[in-house]
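Observations on chain architecture
Okay, here's what each chain looks like letter by letter:
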Amino acid sequence: MAKSTVSTKRLSRQLIHWLLEEDRRREKEGPYRKQEAHRQHSWWQVMCLTGVDYFSTLGYQPGIAALAAGALSPIATLILVLLTLFGALPIYRRIAAESPHGEGSIAMLERLLSWWQGKLLVLCLLGFVATDFIITITLSAADATAHIIENPLAPHWLHGQTIAITLILIALLGAVFLRGFREAIGIAVFLVAVYLLLNLIVISVGLYQILTHPEAIANWQTALFARQSNPLILIGIALLVFPKLALGLSGFETGVTVMPLVKGSSSDALDHPRGRIRNTRKLLTAAAVIMSFFLLTSSLITTLLIPAAEFASGGKANGRALAYLAHLQLGNSFGTIYDLSTISILWFAGASAMAGLLNIVPRYLPRYGMAPNWARATRPLVLVYIAIAFFVTIIFQANVEAQGGAYATGVLVLITSAAFAVTLSAHRHREKRKTLIFGIITLLFIYTTVVNIIERPEGIRIAGFFIGTIIFTSLISRVWRSTELRVERIEIDELASQFLAEESQGAIRLIANRLNTGDIQEYFLKENEVREDNHIPANDPILFLEIMVSDASEFADVIKVKGVQVGDYRILRAESAAVPNAIAAVLLYIRDQTGKIPHAYFGWVEGNPIQYLLRFILFGEGDIAVVTREVLRRAEKHPHQRPCVHVGG
């Protein structure tokens, strides 16, 4: 029994070590290590990397469009294409110019909206990002399963195993990332090239069938005007139903996120790489034009050539409209090749989404102090995401059409937020004409998003779950990490250095002071009060230390200390997100620079301790003496090397 217990503990330690192996490796490199340089590629190659997500939606988009809009599918798709080319594309071309290092529209909003409201908005958007990427994984796996099961060569017993096969595909995706996955642009280029070529063949044959069989057009016209003969009313109905087709808008956010991979020109400046921006705009434009062509033509041929009953659940074209035509028109051999290509690109789209999820946490949450320690390691995150993907797959029964609303919600909210960010940017740059244009585009996307949410509320429910989870865990992490030093480095000016050099001749005493009027009278009264409360000899020199709160919503920052002389009083003054943490960091810096233990003097505060705790978390102040002592205790494990904190009054 004892041996069994020891063996279990050993296995547990080994498992934890394996899960956190990458995190420990990062700790050795240091918390503020430089990001690895990205290997850059031609814009068309990077377009294929984004295309595994964007173009792969052709696997299920035509079928979902036919179910949502019926005979109106081509008209509704045309509206979607116009919104893509004249709405989403201009928005993201501007984002490429204003966020050329891969931060995307979320980072633009982060910069444009300061303090806690900006952070809260980012957390909410991260919830929609999680919705987008998780549903990409589950939806792509479910559609890949549909292509496997409906292939004529597949064993008959697979037909009742949709959920099981989907879960296996997701588990295989997780296993690849647990071993260590790196996106390969070469694989993406091959998959996208083959997939688009096969789709072009299917669409060309479909268009030929329509041209040689005019009755297909006649039958479509009959179905189109069956309920309404007024073309304007039909267009109005298409405007109402086209938000259900919003899956065809995916890929733009990914396009700007991968900007660091795009090769620019040799003359590119670091802060504004014109060549990279120009090539990324080529990437976005080419992807939008290619996808618009395939969206329109695939919608047309699938609506005209496939019986409406086959699109419904259980039908042969459900979730695989183009694959159905590939088998029907070009035979099972070509159809099987098409299925294999579709399954491959859908699986790789899931891999791309997983890679995006794994990049989200380190890009935002650690900077906010809102990521748990284990979230720094890739493997625990992979397990969490795979577990969530399992849950979503089971909830939606691995149904492609049922997940479309949740996917569209994530995509539309991200594009709407991007449109809002660009509109706000144009307004701040006083570009009235562009502000008006982008504002109209934003309203169009708001309408599309609201209609999609009303029609298919499951998307906002899933997003709400992710938002709630992210905010809850983020706040817990922020509170848990609040007593870290929270400083990247300390910079000190010449006068402040001179003050420290003078003080290092004897005991170093600093009086923590909250700046009010900043005149001689303020420092005179404060000095007398502190000397009396703490019995400091009148001849012992002192320094004042003043920390002003800059943006309390930030977590770690660079503390710039400047020396200020007011009469005979010498002051060290700085700004930081949190006063106690900054004081502790300055005290440790003084200790390391002078080789002496500094003494800091504080006054007692009066009031509700819970209120002061909230003030510290939200506003960076609170019971400064107590928190400073705790920060020092955590930062310096040896008590005799720890700066001294005195509280009097």
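Predicted, not measured: the structure shown is a model, and the values here were computed from it. (Residues numbered from 1 in each chain as written. Predicted model: local features only at pLDDT ≥ 70, side-chain atom pairs only at ≥ 80, totals over all residues. Heavy atoms only, no water.)

Details of the overall build of the chain
Regarding its fold elements, the chain presents 23 helices and seven strands. Seen along its three principal axes, the alpha-carbon backbone of the chain occupies a region of about 105 × 75 × 50 Å. Across the 649 residues in the chain, those meeting the buried criterion constitute 53%. Counted over contacts in the chain with a minimum sequence separation of 6, partners at least 24 positions apart contribute 81%. Within the structure as shown, the chain displays about 29900 Å² of accessible surface, and the carbon and sulfur contribution to it stands at 62%. (Helix = DSSP H or I, 4+ residues; strand = E, 2+ residues; numbered from the N terminus. Buried < 20%, exposed > 50% of the residue type's maximum accessible area, 1.4 Å probe, protein only. Contact = heavy atoms within 4.5 Å. Areas by Shrake-Rupley, 256 points an atom, 1.4 Å probe, with all protein chains shown as cover.)

Description of the packing of aromatic side chains
With the rule as written, the count across this model stands at nine aromatic pairs. Both rings, one in F293 and one in F294, keep their centres 5.2 Å apart while their planes meet at 75 degrees; by these two values the pair is edge-to-face. F294 sits in the buried class, given a relative accessible area of 5%. By way of ring pairs, the aromatic residues Y54, F55, Y92 and F252 are connected into one cluster. (Phe/Tyr/Trp six-rings, centres within 6.5 Å; stacked < 30°, edge-to-face > 60°.)

Quick look at the side chain of S140
Tracing the backbone shows S140 in helix 7 (residues 115–149). We classify S140 as buried; its relative accessible area is 1%. Here the side chain of S140 touches T136 through a polar contact of 2.6 Å, landing on its backbone oxygen. (Polar contact = N/O pair within 3.5 Å; in protein donor to acceptor, adjacent residues only side chain to side chain.)

Concerning the pairing of strand 4 (residues 557–566)
As paired strands, strand 1 (residues 487–492) and strand 4 are joined by five bridges and run parallel to one another. Bridged to R489 within strand 4 is V558. Bridging between strand 4 and strand 5 (residues 569–576) involves five bridges; their strand directions are antiparallel. Each bridged residue has a counterpart across the sheet, and for Q565 the counterpart in strand 5 is R570. Between the antiparallel neighbours strand 4 and strand 5 lie two residues, among them G567 with a positive phi of about 65 degrees. (Pairing = 2+ DSSP bridges.)

Description of the confidence of the model for the chain
Scored by pLDDT, the chain has a mean of 82; 90% of the residues are at 70 or more. Mean pLDDT values over the elements of the chain span from 47, in helix 2 (residues 21–29), up to 92, in helix 13 (residues 274–305). (pLDDT = per-residue confidence, 0-100.)

Considering the pattern of salt bridges
Applying the stated criterion across every chain, the model contains 13 salt bridges. A salt bridge links D540 to R509, with the nearest nitrogen and oxygen atoms 3.1 Å apart. With a gap of 31 residues between them, D540 in the loop between helix 20 (520–534) and strand 3 (543–549) and R509 in strand 2 (residues 509–512) connect regions that are remote in the sequence. A salt bridge links E621 to R514; the nearest nitrogen and oxygen atoms lie 3.5 Å apart. Of this pair, E621 sits in the loop between helix 22 (609–619) and helix 23 (624–635) while R514 sits in the loop between strand 2 and helix 20, and the two are 107 residues apart along the sequence. A residue is classified by how much of its surface remains accessible, and E621, at 16% relative accessible area, is buried. On the basis of relative accessibility, which here comes to 57%, the residue R514 falls in the exposed class. (Salt bridge = Lys/Arg side-chain N within 4 Å of Asp/Glu carboxyl O.)

A closer look at the sheet that holds strand 4
Sheet architecture is open: seven strands sit in the order 1-4-5-3-2-6-7, paired in mixed fashion. This sheet does not close on itself; its edge strands, each paired only once, are strand 1 and strand 7 (644–648). Going across the sheet, the axis of each strand differs from the next one's by a mean of 25 degrees, ignoring polarity. Contacting strand 1, strand 2, strand 3, strand 4 and strand 5, helix 19 (residues 494–503) crosses the sheet at an angle of about 75 degrees to strand 4. Of the strands in this sheet, strand 6 (599–603) and strand 7 touch helix 23, which is tilted by about 165 degrees from strand 7. (Axes fitted to C-alpha atoms, helices over the stretch in contact; angles between N-to-C directions.)

So, the pairing of strand 2
In regular strands, side chains alternate between the two faces of the sheet. Taking every second residue as pointing to the same face, both faces of strand 2 are buried, with R509 and I511 on one and L510 and A512 on the other. Judged from the three bridges that link them, strand 2 and strand 3 form a sheet pairing that is parallel. Looking across to strand 3, one finds that A512 is bridged to L545.

Here's the deal with helix 8 (residues 162–179)
The terminal C-alpha atoms of helix 8 lie 26 Å apart, and with 18 residues this matches the ideal 26 Å at 1.5 Å per residue to within 8%. Regarding helix 8, the residues found buried are I165, T166, L167, L169, I170, L173, G174, F177 and L178. (Expected span 1.5 Å × (residues − 1).)

Considerations on the side chain of T342
Relative to the helices and strands, T342 resides in helix 14 (residues 321–368). A relative accessible area of 0% means that T342 is categorised as buried. From its side chain, T342 meets the backbone oxygen of Y338 in a polar contact 2.8 Å long. Setting aside anything within four residues of it in sequence, one finds T342 in contact with G59, H147 and Y195.

Describing the nonpolar core
Core analysis: the largest hydrophobic core is formed by 147 residues, its most contacted members being I91, Y92, L126 and L249. When residues of this core are assigned to their parent elements, the largest contribution, 22 residues, is made by helix 14. Discounting chain neighbours no more than four positions away, the residues touching I91 are A418, A419, V422, F438 and I441. Ranked by size, the runner-up nonpolar core spans 33 residues in total, among them I490, A496, V586 and A600. (Core = buried A, V, L, I, M, F, W, Y, C linked by side-chain atoms within 4.5 Å.)

Some details on the packing of helix 7 against helix 16 (residues 400–428)
One way to put it is that helix 7 packs onto helix 16 with a least axis distance of 8 Å and a crossing angle of 145 degrees. Crossing angle aside, the handedness with which helix 7 passes helix 16 is left-handed. In this structure, helix 7 uses L125, F128, V129, T131, D132, I135, T136, T138, L139, A142 and D143 to contact helix 16, whose residues at the interface are V400, Q403, A406, Y407, T409, G410, V411, V413, L414 and S417. Taken together, the residues of the contact of helix 7 with helix 16 break down into 12 nonpolar, seven polar and two charged. (Left-handed = near helix turned anticlockwise from the far one by under 90°. Nonpolar A, V, L, I, M, F, W, Y, C, P; charged D, E, K, R; others polar.)

Structural notes on the packing of helix 3 (residues 43–54) against helix 13
In the contact formed by helix 3 and helix 13, the axes pass within 9 Å of each other and the chain directions differ by 45 degrees. Considered as vectors, helix 3 and helix 13 are oriented oblique to each other. Between helix 3 and helix 13 lies a crossing of right-handed hand. Judged by residue contacts, W43, V46, M47, T50 and Y54 of helix 3 engage N279, K282, L283, A286, A287, A288, I290 and M291 from helix 13. Taken together, the residues that form the contact of helix 3 with helix 13 break down as 10 nonpolar, two polar and one charged. (Parallel < 35°, antiparallel > 145°, perpendicular 65-115°, else oblique.)

A word on a nonpolar patch on the surface
Taken together, the side chains of W115, I610, L614, L618 and F619 define a hydrophobic patch exposed on the protein surface, amounting to about 450 Å² of accessible area. Ranked by the residues each element gives to the nonpolar patch, the list is headed by helix 22, at four residues. Within the secondary structure, W115 sits in helix 7. By relative accessible area, W115 is classed as partly exposed at 31%. (Patch = residues over 30% accessible without salt bridge, like charges linked within 9 Å, V, L, I, M, F, W, Y side chains within 5 Å.)

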